[in-house]
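For reference, the chains in residue letters:
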Amino acid sequence: MSQLLEVSGISVTFDGFRAINNLSFSIAEAELRAVIGPNGAGKTTFMDIVTGKTRPNEGRVLWGERSVNLLRMNEAQIARAGIGRKFQRPTVFEDQSVAENLMMALKANRSPWKVLFWRAAALDHARVEALATEVGLGDQLERKSGELSHGQKQWLEIGMLLAQEPRLLLVDEPAAGMTLAEREQTTALLVELAKTRAVVVVEHDMEFVRRLNCKVTVLHEGSVLAEGSLDHVTANPQVIEVYLGR
Amino acid sequence: MKPGFLSKNPSVLTFILILAVFTLGVTFLSEAYGSGVISTSMVKTLGKTLCLCLIAIAMDLIWGYTGILSLGHFAFFGLGGYMVGMWLMYARTREIVLSSAGGVLPMTPQELQDAIATQIFGVVGASELPAVWSLAGSLPAQLALVVLVPGILAFVFGWLAFKSRVTGVYLSILTQAMTLALSLYLFQNDSGLRGNNGLSGLQNIPGLDAVGQDALSVWFLWVSALALGLGYLVAAFIVSGKFGSVIRGIRDDEARVRFLGYSVEGYKLFVFTLTAVIAAIAGALYYPQAGIINPAEMAPIASIYLAVWVAIGGRGRLYGAVVGAAFVSLVSTWFTGGRAPDLNLGFYTVKWVDWWSVLLGLSFVLVTLFAPKGLAGLVDLFQGLRPPKRGGTPMGPSDGSLREQEAVE
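Rules used throughout
Residues numbered from 1 in each chain as written. Chains lettered and ligands numbered in written order. Predicted model: local features only at pLDDT ≥ 70, side-chain atom pairs only at ≥ 80, totals over all residues. Helix = DSSP H or I, 4+ residues; strand = E, 2+ residues; numbered from the N terminus. Buried ≥ 20, exposed ≤ 12 C-beta atoms within 10 Å, placed from the backbone. Contact = placed C-beta atoms within 7 Å. Rg over C-alpha atoms; globule rule 2.2 N^0.38 Å. Pairing = 2+ DSSP bridges. Domains from an automatic or database assignment. Nonpolar A, V, L, I, M, F, W, Y, C, P; charged D, E, K, R; others polar. Axes fitted to C-alpha atoms, helices over the stretch in contact; angles between N-to-C directions. pLDDT = per-residue confidence, 0-100. Core = buried A, V, L, I, M, F, W, Y, C linked by C-beta atoms within 7 Å. Parallel < 35°, antiparallel > 145°, perpendicular 65-115°, else oblique. Left-handed = near helix turned anticlockwise from the far one by under 90°.

1. Overview of the overall build of chain B
Right, on to step 1. Summing up its helical and strand segments, chain B has 17 helices and four strands in all.
Right, on to step 2. The 409 residues of chain B split such that 41% are buried.
Right, on to step 3. At a minimum sequence separation of 6, the contacts of chain B that also span at least 24 residues come to 76%.

Listed below in structure tokens is the structure:
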């Protein structure tokens, strides 16, 4: 199976602290993967590196069929290459309506001149409406997104991610602050999405990970501790030690 | 512009209408074309105010919409003024030199140029035309420079600043430093722009000697109104579409916009350069009405005033900036012009000329604290739009699962 993203041997040091230590990771197209690990294991730093926010001290990050080096690109270029990121805290543009948020995320040319003269066609409006309906905000298009509830904001952000049509989705703790019903919806959506693209989910909640029913990567102190099915990794004595204390 | 733009932005039409009515009104009350109720100097003040409204729109675009508090836009304004002022001064001096030349033979081009240079630069003890004046004889060239010089300066400065991701207050300081450096440079006599004397006599338009100042002032009012109207249209067009969404997104959460795939630096650079050009055009129309420009006009304090106007008017909406600039600059003219009656408190007499900046500073603080939407917020009050009261606290995951009304109750 060809790999969509290949991270090999990356290390990052913050003021002498090794946040990521010789980490290697790869994911194939149309794969769902959960990344778990205790606090400070380097989960968020890992995402920061892939999305271009943090530069590693060493290592390689290769992307796509043509093995493009992501380390040479900035955040915006990486996003345009097809990597979407969902943050832990829902980050939507609260001052703007749901429709405007989605319209901004819609896949289209991102250069200032093109955007300046871009006007939404009927097709784009239809797409925004379809997306909003998909995430349960179909009747909220004209509301300011700042007025939405926490859960709705999470959904709006997921809708924005879908609008970007990324090939790889990085999702940071999607279930945080969601009700049980919303969590189930989220699980179903993530599983569905992973049929057509790669999805990496960072999560604390073991129950949630179990429901995703996918391959799990356990991070600890900046490197991979174990990898495999959830039952496999939870049976690993090292993982038990890390999670349950020494 | 597609049809539907005006219907989607009703404030544009209202604004253009008010501007047209205002311009016609002033014309029919002016000394040259009407009853003469409004004096020529007042017409000039109003014309200048329109130019200040235009630069306020630029400031609102860069600060209110994109979130970059630039303290350097008056430098671009001044540069625009200098560029047009060079032609005005050169061409007028040339007329004077030619008319006073009494020789039998016509002057050679070199003699003519030397004579002009002596006239212009005698005041700073030089008699050669500096290289920056080499295009001053040509109106089209200087008009192009009005756009090009501030545009290129803003582009280079912005490219350096945004590329290295300088943001927030550091960027404000950087822009302020640029303004200060520019004005200090122009204060030097050998900068080639007459040092602290600046350029003067700009109110006399070469070739239009037969037209009196009373008519000229009205013409400039028309051109300023036209520029303001066009500037408003351009700004409204920019902020109405997806571009507007993106720049407001940059203001609210820059990193998020980046992860959507937009090159934040490119957008900032675009807006910074564009607003610098708008500011320069406003300056090029302002200084012929003011008659004189000197480096003090470009001091950082001017750009800070600009920020105060936009804040008092209400940033984040275009008419707010216009209202703020017009209101504050006119009131300021009234107070500092010595026309405001002194306030006698018995034990102390408040002379407004001295106390005006205190009053302005105080109202700035009060507006920032209690009416962040500024004067334009009054429009919301009329329309019955009230922001929800959330006490300024962001809603966390627990409270945030409630709708706002529920959480407040």
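Alright, that's what it looks like, and here's the rest.
2. Regarding the overall build of chain A
Right, on to step 1. When you go through chain A residue by residue, the secondary structure sums to 10 helices and 10 strands.
Right, on to step 2. In terms of overall dimensions, chain A is globule-like: its C-alpha atoms have a radius of gyration of 18 Å, near the 18 Å expected for 246 residues.
Right, on to step 3. The buried share of chain A, taken over its 246 residues, is 42%.
Right, on to step 4. Excluding contacts between residues fewer than 6 apart, the proportion of contacts in chain A whose partners are at least 24 apart in sequence is 67%.

3. So, helix α3 (residues 98–105) of chain A
Right, on to step 1. Counting buried positions along α3(A) gives eight out of eight residues, so the element sits mostly inside the fold.
Right, on to step 2. Taken together, the buried positions of α3(A) are A:V98, A:A99, A:E100, A:N101, A:L102, A:M103, A:M104 and A:A105.
Right, on to step 3. Contacts from the buried residues of α3(A) go to α5 (122–134) and α6 (150–164) of chain A together with α9 (242–252) of chain B.

4. Things to note about the pairing of strand β1 (residues 3–14) of chain A
Residue and element names in this part refer to chain A.
Right, on to step 1. As judged from the eight bridges shared by β1 and strand β2 (residues 17–28), these two strands associate in the antiparallel manner. In the sheet register, V7 faces β2, and the bridge partner there is F25.
Right, on to step 2. Between β1 and β2, which pair antiparallel one after the other, the connecting turn spans two residues, and D15 there sits at a positive phi close to 50°.
Right, on to step 3. As defined by bridge partners, β1 adjoins strand β4 (residues 58–63) across five bridges and the pair is classed as antiparallel. What sits directly across from V7, in β4, is V61.

5. A few points about the interface of chain A and chain B
Right, on to step 1. Facing 28 residues of chain A, the contacting portion of chain B comprises 29 residues.
Right, on to step 2. Going through the elements one at a time, α2 (75–81), α3, α4 (112–116) and α6 of chain A are the ones with two or more residues in the side of chain A that touches chain B.

6. A short note on the domain arrangement of chain A
All names here are of chain A.
Right, on to step 1. Taken domain by domain, chain A comprises domain 1 (1–82 + 166–246) and domain 2 (92–165).
Right, on to step 2. If you average the C-alpha positions of domain 1 and of domain 2, the two centres end up 26 Å apart.
Right, on to step 3. Across the contact, eight residues belong to domain 1 and eight residues belong to domain 2.
Right, on to step 4. For the side of domain 1 that touches domain 2, a count of residues per class yields four nonpolar, two polar and two charged.

7. So, the pairing of strand β6 (residues 83–86) of chain A
Residue and element names in this part refer to chain A.
Right, on to step 1. Here β6 shows two buried faces, one formed by I83 and R85 and the other by G84 and K86.
Right, on to step 2. When β6 meets strand β7 (residues 168–172), the two strands line up parallel, connected through four bridges. Paired with G84 across the two strands is L169, which belongs to β7.

8. Focus on the sheet that holds β2(A)
All names here are of chain A.
Right, on to step 1. Spatially, the four strands line up as an open sheet ordered β2-β1-β4-β5, and their pairing is antiparallel. Edge strands, defined here as strands with exactly one partner in the open sheet, are β2 and β5 (68–69).
Right, on to step 2. In terms of strand pairing, β4 meets β5 through two bridges, oriented antiparallel. Counted as the bridge partner of L62 is N69 from β5.
Right, on to step 3. Contacts from helix α1 (residues 43–50) reach β1, β2 and β4, with the element oriented near 115° to β1.

9. With respect to the environment of A:N22
All names here are of chain A.
Right, on to step 1. With respect to the element layout, N22 can be found in strand β2.
Right, on to step 2. Under the C-beta neighbour-count criterion, N22 is labelled partly exposed, with 14 such atoms within 10 Å.
Right, on to step 3. With residues up to four places along the chain from it excluded, the contact list for N22 reads G9, S11 and S223.

10. Points about the environment of B:D60
Residues and elements named next belong to chain B.
Right, on to step 1. Inspection of the secondary structure assignment puts D60 in helix α3 (residues 40–65).
Right, on to step 2. Classification of D60 by C-beta neighbours within 10 Å gives buried; the count is 29.
Right, on to step 3. Remark: the alpha-carbon pair of D60 and V358, spanning 298 residues in sequence, is separated by 24 Å.
Right, on to step 4. Residues contacting D60, with those up to four places away along its chain left out, are Y65, V310, R315, L318 and A321.

11. Some remarks on the confidence of the model for chain B
Right, on to step 1. Of the residues in chain B, 92% reach a pLDDT of 70 or more, and the chain-wide mean stands at 87.
Right, on to step 2. Predicted confidence is poor over residues 396–409 of chain B, with pLDDT under 50, and the contacts of this stretch with residues over four places away or in other chains come to 20 contacts.

12. Re the sheet that holds strand β3 (residues 32–36) of chain A
Residue and element names in this part refer to chain A.
Right, on to step 1. Read across the open sheet, the six strands follow the order β6-β7-β8-β3-β9-β10; overall the sheet is mixed. With one partner strand each, in any of the chains shown, β6 and β10 (223–228) form the two edges of the open sheet. With direction set aside, neighbouring strand axes in the sheet form an average angle of 20°.
Right, on to step 2. Where α6 meets the sheet, its contacts fall on β6 and β7, and the angle it forms with β6 comes to roughly 180°.
Right, on to step 3. Helix-sheet contacts for helix α7 (residues 180–193) involve β3, β7 and β8 (198–202), and the interaxial angle to β8 is about 145°.

13. Considerations on the nonpolar core
Side chains of nonpolar character tend, in soluble globular proteins, to be buried together.
Right, on to step 1. B:I55, B:A56 and B:I57 are the most contacted members of the largest nonpolar core, which totals 174 residues.
Right, on to step 2. Here the element with the most residues in this core is helix α11 (residues 264–290) of chain B; it accounts for 18 residues.
Right, on to step 3. Residue-level mapping places this core at the junction of two domains, with at least three residues from each of domain 1 (1–82 + 166–246) and domain 2 (92–165) of chain A.
Right, on to step 4. Setting aside anything within four residues of it in sequence, one finds B:I57 in contact with B:G231, B:Y232, B:A235, B:I278, B:L318, B:A321 and B:V322.

14. Points about unusual backbone geometry
Residue and element names in this part refer to chain A.
Right, on to step 1. Of note, D15 is a non-glycine position whose phi angle comes to about 50°, a positive value.
Right, on to step 2. Tracing the chain through its elements places D15 in the loop between β1 and β2.
Right, on to step 3. Taking the C-beta count within 10 Å as the criterion, D15 has 5 such neighbours and is therefore assigned exposed.
Right, on to step 4. For E173, which is not glycine, the phi dihedral falls at a positive 40°.

15. Things to note about the packing of α3(A) against α6(A)
Residue and element names in this part refer to chain A.
Right, on to step 1. Two elements in contact, α3 and α6, have axes separated by 7 Å at closest approach and are oriented at 30°. Considering their axes alone, α3 and α6 lie roughly parallel with respect to each other. Of the two possible hands of crossing, α3 and α6 adopt the one that is right-handed. Residues V98, N101, L102 and A105 of α3 touch α6, and the partners they reach there are L156, G159, M160, A163 and Q164.

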